[in-house]
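Fold and contact review
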Amino acid sequence: MKVTELASAIGGVMFLWGTVSQFLPMNYRYRIKNWCSKLLNSIFPRTYIIFHEFCSDGQSSEAYTCIKNYLGTKSINKAQLLNAEKTRNSKSLEFTLAGGDEVMDEFHNVKVLWVSSEETIKNNGGGGDGKPFEKRKFILKAHPRYREFVMGDYLNHVMKEGKTIEYQNKKRRLYTNNKDQGYIYWRPKWSFINYHHPATFDTLGMDPQKKEEILVDLESFKKGKDYYKKVGKAWKRGYLLYGPPGTGKSTMIAAMANLLDYDIYDLELTSVKENAELKQLLIETSTKSIIVIEDIDCSLNLTGTRKKNEKGSEEKNDDNAEKKKKKQRETEDPQKSKVTLSGLLNFIDGIWSACGEERIIIFTTNHVEDLDPALIRRGRMDMHIEMSYCKFEAFKILAKNYLDIDEHPLFGEIRELLEENDVSPCDVAENLMPRGKSSDHVESCLLRLIESITANQKSKEEKEEKEEFLQADQNAITS
Ligand SMILES: Nc1ncnc2c1ncn2[C@@H]1O[C@H](COP(=O)(O)OP(=O)(O)OP(=O)(O)O)[C@@H](O)[C@H]1O
Ligand SMILES: [Mg+2]
């Protein structure tokens, strides 16, 4: 028989099968398909690799997700049956190969066949809610001659492509850790919402030179996979952001996430019961993410020394005192956190911390001097970034951003006031926000800023004068 005759005979059988199978009950169809594939396999030998949706430990399989993404793009033009969905977390419609369908793929002239399989399993009182559930898997079929190539180069290619597609289609997420509730064992450790924050490095008001240094550092981190591998370091980096309230620490984190296109894991330490839980949380973070612990100085009584300091010293300012009180209330019984400094140090750079890659850890604090030096030493917190009060260069960025101006006759006066006074970028930004319908809103915003700084300056001077007077009075009484 000639090749053309064989092809037309196969075509005829396929057509016949396509027509007849529609009238057959599902289980017959399945059995016949099974016999045929066994028969074909004895004539044309195949290597099968099965990828289940869930791993043996019950966790969802990363390999399955990668294949699903990869085949989604391959199937659009080839498969007959596609699933289409748009989850809250995806940017556009996602296509996947539907259960029961198959698609051919070719890589370096080697052909493989992917089959998507979906089986409904009856759940006869085996736990859970008793409802039947779908068991999904992908089966990869290839000629045994290419076994090694398929298991090596080809599958590496599929995993890599699948991951890239996932990141392209995924919206950024903001995660927060759930309070541990031991009795609900399947509860995820992190909850998330989609994350859109408009902050970028362009809109961040800070010293341009410092900004540039941070940008260069972040870019080289992102591109540093080979470098980190070469020097034998885990691919992660720590940033300590410190400075007074309202100087842009949280805004900087948002700008970093936007720049790198990473997810944010906002870790609330006071909800973590013990070091072991901290480890679990770390394991369940994904790559390409920023793990943030805000106000680290207020989060826990991390060392005995620090406890003593807290009791013995006055609080530095009202704002921080309030933050500390709030966090302390949260750590009170019944679920008192037993996370220790060594647990936290292990979290940052212990053996477990290297279980993922491309991760950034950020601590923020208003009082860097209160932190244990071990926590912030270089290597743990690689870059210490001071977010400071607003000086003229930073003001110019905010003025451009909020009012779209590069120059104004009032700039000279504002420059002097900013040099003489500690004004947070938050206060500057607040005054630069146009209010009402004033036609000349640029001038009125700048005047409002001048007025606000001058008023604060005056009340500060009055306070100092009063303190001086009281001190002199006290001295006179004692002498
Ligand atoms: N450097 C800055 N550049 C641009 N906007 C800023 C800057 N700093 C503060 N802001 C504005 O002020 C608001 C508060 O800033 P942010 O929350 O980032 O301060 P923070 O340093 O994290 O303060 P805290 O120490 O109280 O947490 C932001 O929403 C932002 O609009
Ligand atoms: Mg903040």
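Each remark here, short or long, concerns the structure printed above.
Residues numbered from 1 in each chain as written. Chains lettered and ligands numbered in written order. Predicted model: local features only at pLDDT ≥ 70, side-chain atom pairs only at ≥ 80, totals over all residues. Heavy atoms only, no water.

**Considering the packing of aromatic side chains**
Just so we agree on the cut-off: Between 30 and 60 degrees the pair is tilted, below 30 it is stacked and above 60 it is edge-to-face, where a pair is any two Phe, Tyr or Trp rings, Trp via its six-membered ring, whose centres lie within 6.5 Å. As a reminder, the over-ring test applies to NZ of lysine and CZ of arginine, requiring each to be within 6 Å of the ring centre and within 35 degrees of the ring normal.
Applying the stated criterion across every chain yields a total of 15 aromatic pairs. Residues Tyr-227 and Tyr-228 carry aromatic rings whose centres are separated by 5.9 Å and whose planes lie at 85° to one another, so their mutual orientation is edge-to-face. An aromatic cluster is built from Phe-51, Tyr-64, Phe-107, Trp-114, Phe-138, Phe-149 and Tyr-154, whose rings are joined through pairwise contacts. For the cation-ring pair, Arg-173 lies above Phe-192, with the distance from its terminal atom to the ring centre recorded as 3.9 Å.

**So, the sheet that holds strand β6 (residues 133-142)**
Rule in force here: Being paired, for any two strands, means DSSP has found at least two bridges between them. Helix and strand definitions here come from DSSP, where helices need a minimum of 4 consecutive H or I residues and strands a minimum of 2 consecutive E residues; each element is numbered from the N-terminal end. Helix axes are fitted to C-alpha atoms over the stretch in contact, other axes to C-alpha atoms as well, and angles between N-to-C directions run from 0 to 180 degrees.
Within the open sheet, the four strands sit side by side as β1-β6-β5-β4. Their pairing is antiparallel. A strand with exactly one partner marks an edge of an open sheet, and here the two such strands are β1 (47-52) and β4 (102-107). Recorded for the sheet is a direction-independent mean angle of 25° between the axes of neighbouring strands. Where β1 and β6 come together, six bridges link them in antiparallel fashion.

**Considering the site of ligand 1**
Put simply, the rule reads: When at least one non-hydrogen atom of a residue lies within 4 Å of a molecule or strand, that residue is treated as near it. Polar contact is defined as a pair of N or O atoms within 3.5 Å, subject to the rule that within protein one atom must be able to donate a hydrogen and the other to accept it, and that residues adjacent in sequence are counted only when both atoms are side-chain atoms. Computed by Shrake-Rupley with a 1.4 Å probe, the accessible areas treat only the displayed protein chains as cover when residues are assessed. The classification used treats Ala, Val, Leu, Ile, Met, Phe, Trp, Tyr, Cys and Pro as nonpolar, Asp, Glu, Lys and Arg as charged, and all other residues, Gly among them, as polar. The split of the chain into domains comes from an automatic or database domain assignment.
What surrounds ligand 1 is a group of 16 residues, the closest being Gly-205, Lys-249, Ser-250, Thr-251 and Asn-366. The separation between an oxygen atom of ligand 1 and a polar side-chain atom of Ser-250 is 2.9 Å. Protein contact buries 76% of the 630 Å² of open area that ligand 1 shows by itself. Every element with two or more residues in the shell around ligand 1 is listed here: α7 (249-260), α14 (392-403) and α16 (425-432). No other element matches the three residues that α7 contributes to the shell around ligand 1. Considered class by class, the residues forming the shell around ligand 1 number six nonpolar, eight polar and two charged. Each of domain 3 (173-386) and domain 4 (392-478) accounts for three or more of the residues forming the shell around ligand 1.

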